[in-house]
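Here is how the chains run, residue by residue.
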Amino acid sequence: VPEDQADKLLLASWGLPKAILEKYHSLGVVQMFEWQAECLMLGQVLEGKNLVYSAPTSSGKTLVAELLILKRVLETRKKALLILPFVSVAKEKKCYLQ
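Residues numbered from 1 in each chain as written. Predicted model: local features only at pLDDT ≥ 70, side-chain atom pairs only at ≥ 80, totals over all residues. Heavy atoms only, no water.

## Things to note about unusual backbone geometry
Part 1 of the reasoning: The backbone phi angle of Ser-58 is positive, close to 65 degrees, even though this residue is not glycine.
Part 2 of the reasoning: Relative to the assigned elements, Ser-58 resides in the loop between helix H2 (34–41) and helix H3 (61–76).
Part 3 of the reasoning: Ser-58 sits in the exposed class, given a relative accessible area of 76%. (Helix = DSSP H or I, 4+ residues; strand = E, 2+ residues; numbered from the N terminus. Buried < 20%, exposed > 50% of the residue type's maximum accessible area, 1.4 Å probe, protein only.)

In structure tokens:
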């Protein structure tokens, strides 16, 4: 992330509603890693273009997907489909995203 865009590491700089930011903050998520912000700033990914990224387990891939989904759903007022690998993860995300 370029120095002049260091604020992009803060979740609050992505235009999310206060309620969503408060939920992330309650879980201890206030900012993201540089690579996560870089994913969100690539090309036209925020306008719905495709993004393929890879990172180790528990590195924060889900946060990138959640932010992309939340922004698109809120901006377009359309539904999103989130496919998860395990029932336990799906149940966790259902409660979390509600």
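## Focus: the environment of Glu-47
Part 1 of the reasoning: Tracing the backbone shows Glu-47 in the loop between H2 and H3.
Part 2 of the reasoning: We classify Glu-47 as exposed; its relative accessible area is 53%.
Part 3 of the reasoning: Glu-47 sits 19 residues away from Glu-66 along the chain, and the two C-alpha atoms are 15 Å apart.

## Digging into the packing of H2 against H3
How two helices pack is summed up by the angle between their axes together with the distance between the axes.
Part 1 of the reasoning: Contact geometry for H2 and H3: axes closest at 10 Å, N-to-C directions at 35 degrees. Here H2 runs over H3; the crossing is right-handed. Judged by residue contacts, Trp-35, Gln-36, Cys-39 and Leu-40 of H2 engage Lys-61, Leu-63, Val-64, Leu-67 and Leu-68 from H3.
Part 2 of the reasoning: Classifying every residue of the contact of H2 with H3 gives seven nonpolar, one polar and one charged. (Axes fitted to C-alpha atoms, helices over the stretch in contact; angles between N-to-C directions. Left-handed = near helix turned anticlockwise from the far one by under 90°. Contact = heavy atoms within 4.5 Å. Nonpolar A, V, L, I, M, F, W, Y, C, P; charged D, E, K, R; others polar.)

## Notes on the nonpolar core
Part 1 of the reasoning: Residues Leu-11, Leu-16, Tyr-24, Met-32, Leu-40 and Leu-67 are the most contacted members of the largest nonpolar core, which totals 18 residues.
Part 2 of the reasoning: Looking at this core, the elements with two or more residues in it are helix H1 (18–26), H2 and H3.
Part 3 of the reasoning: The element best represented in this core is H3, accounting for five residues.
Part 4 of the reasoning: Among all residues touching Tyr-24, those that are not within four sequence positions of it are Leu-11, Val-29, Leu-63, Glu-66, Leu-67, Leu-70 and Tyr-96. (Core = buried A, V, L, I, M, F, W, Y, C linked by side-chain atoms within 4.5 Å.)

## Observations regarding the pattern of salt bridges
A side chain with one charge can pair with a side chain of the opposite charge if their charged atoms come near.
Part 1 of the reasoning: Counted under the stated rule, the structure contains three salt bridges.
Part 2 of the reasoning: Residues Lys-93 and Glu-66 are paired through a salt bridge, measuring 2.5 Å at the closest nitrogen-oxygen approach. Separated by 27 residues along the polypeptide, Lys-93 in helix H4 (residues 87–97) and Glu-66 in helix H3 bring together distant segments of the chain. Taken as a pair, Lys-93 and Glu-66 share a single burial class, namely buried.
Part 3 of the reasoning: Of the charged contacts in the structure, one is a salt bridge between Lys-71 and Glu-75, with a shortest N-O distance of 3.0 Å. Residue Lys-71 and its partner Glu-75 are both found in helix H3; the two are separated by four residues, about one turn of the helix. (Salt bridge = Lys/Arg side-chain N within 4 Å of Asp/Glu carboxyl O.)

## Quick word on the UniProt feature "domain: DEAD/DEAH-box helicase" (unreviewed entry) in the chain
Part 1 of the reasoning: Mapped onto the present numbering, the UniProt feature "domain: DEAD/DEAH-box helicase" (unreviewed entry) falls on residues 43–92.
Part 2 of the reasoning: Note that residues 43–92 is 44% helix and 0% strand, and that its end C-alpha atoms are spaced 31 Å apart. (UniProt positions renumbered as here; feature names shortened; annotations may be inferred.)

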